[in-house]
Amino acid sequence: QARRPGSYPLSSQSTLVSALFATGGPNATGSMRKIELKRGEKIVTTLDLYSFLTQGNTAQDVKLLDGDVIVIPPATGFVAFLGKVNTPSVFELRDKNETLGQLLSVGGGMPVVADPKRVVVERLDPQSNQPRKIIEFPLSHSGLITSLQNGDIVTIDSISPDIVNGVTLRG
């Protein structure tokens with residue numbers, strides 16, 4: 001699932017991330033969240049490229065040795081974030097149990113104007129009689145631990161501009 005698979009001559013100081021940049025990284029269907037470095041039959045490390053890019057986490061970026069193999073598996077699935085989120089985009093699910101809170105943190109969270117009372121998830125289920133359904137819930141603890149599925153579209157609206165405890169004087 002690499003953009004440009006093959007063997008590459010790299011310097012003795014090369015790391016997993018520098019080798020990924022040399023190959024062009026994962027292709028459109030490749031995972032950015034579960035890149036494996038194998039030495040022989042053993043998995044040395046598994047790199048979450050999102051963690052590296054968004055937080056600068058280099059804990060899984062190890063030096064390469066001669067004969068190492070980088071395996072980029074297919075992506076597990078994708079979720080789109082729209083509305084009042086800091087990074088509206090399509091994000092890859094790390095696994096089938098990833099929650100809304102976990103994926104929101106990968107995407108940089110939400111601005112203060114996001115409405116914590118309402119999240120709308122549009123879910124596709126082609127096997128169902130109603131293949132498209134809408135799920136609404138608040139951004140409470142139970143909402144943040146909601147598992148997301150491949151193809152979900154998450155929309156977070158902004159808070160209402162109405163002021164409920166104010167008085168307006170004119171004249």
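Up top is the structure these notes are about.
Attention in this report is confined to the structure presented alongside it. Keep in mind that this is a model prediction, so the values were computed, not measured.

1. Some remarks on the overall build of the protein chain
Moving on, step 1. For the protein chain, the helix and strand inventory stands at four helices and eight strands.
Moving on, step 2. In the protein chain, the succession of α and β elements from N to C terminus is α-β-β-α-β-β-β-α-β-β-α-β.
Moving on, step 3. Taking 2.2 N^0.38 as the reference for a compact globule, 171 residues should give roughly 16 Å; the C-alpha atoms of the protein chain span a radius of gyration of 21 Å, well beyond that estimate.
Moving on, step 4. Viewed in the frame of its principal axes, the protein chain has a C-alpha envelope of about 80 × 45 × 25 Å.
Moving on, step 5. Considering the protein chain as a whole, with its 171 residues, one finds that 33% of them fall into the buried category.

2. Details of the packing of aromatic side chains
Moving on, step 1. Evaluated as defined, the whole model comprises two aromatic pairs.
Moving on, step 2. Between Y50 and F91, the aromatic rings sit 6.1 Å apart at their centres with planes inclined by 80°, giving edge-to-face as the arrangement. Highlighted residues: Y50 in helix α2 (residues 49-55) and F91 in strand β5 (residues 89-92), separated in sequence by 41 residues.
Moving on, step 3. Relative to F91, the ring of F81 has its centre 5.8 Å away and its plane inclined at 70°; by these criteria the two rings are edge-to-face. With F81 in strand β4 (residues 78-83) and F91 in strand β5, the pair connects residues that are ten residues apart, well separated along the chain.
Moving on, step 4. Given the relative accessible area of 2%, F81 is considered buried.

3. Section: the side chain of S51
Moving on, step 1. Examined against the element boundaries, S51 turns out to sit in helix α2.
Moving on, step 2. Of the polar contacts made by the side chain of S51, one reaches the side chain of N57; its length is 3.1 Å.
Moving on, step 3. Those residues in contact with S51 that lie beyond four places of it in its chain are G56 and N57.

4. Observations regarding the sheet that holds strand β3 (residues 69-71)
Moving on, step 1. Strand order in the open sheet formed by three strands is β2-β1-β3, with antiparallel pairing between adjacent strands. Two strands close off the open sheet at either side, each with one partner strand: β2 (42-47) and β3. Strand-to-strand twist across the sheet, computed as the mean angle between neighbouring axes with direction ignored, equals 25°.
Moving on, step 2. Pairing geometry for strand β1 (residues 35-39) and β3, over three bridges, is antiparallel. By the bridge assignment, E36 is partnered in β3 with V71.

5. Structural notes on the sheet that holds strand β7 (residues 132-137)
Hydrogen bonds between backbone atoms are what pair the strands of a sheet, whose relative direction is either parallel or antiparallel.
Moving on, step 1. With respect to topology, five strands assemble into an open sheet ordered β5-β4-β8-β6-β7, the strand pairing being mixed. At either margin of the open sheet sits one strand with a lone partner, and together these are β5 and β7. Within this sheet the neighbouring strands show an average axis-to-axis angle of 20°, counted without direction.
Moving on, step 2. Where β4 meets strand β8 (residues 153-158), four bridges bridge the pair, whose relative direction is parallel. Its bridge partner being in β8, F81 is matched across the sheet by V154.

Rules used in this analysis
Residues numbered from 1 in each chain as written. Predicted model: local features only at pLDDT ≥ 70, side-chain atom pairs only at ≥ 80, totals over all residues. Heavy atoms only, no water. Helix = DSSP H or I, 4+ residues; strand = E, 2+ residues; numbered from the N terminus. Rg over C-alpha atoms; globule rule 2.2 N^0.38 Å. Buried < 20%, exposed > 50% of the residue type's maximum accessible area, 1.4 Å probe, protein only. Phe/Tyr/Trp six-rings, centres within 6.5 Å; stacked < 30°, edge-to-face > 60°. Polar contact = N/O pair within 3.5 Å; in protein donor to acceptor, adjacent residues only side chain to side chain. Contact = heavy atoms within 4.5 Å. Pairing = 2+ DSSP bridges. Axes fitted to C-alpha atoms, helices over the stretch in contact; angles between N-to-C directions.

Function-wise, these values are silent; they only describe arrangement.
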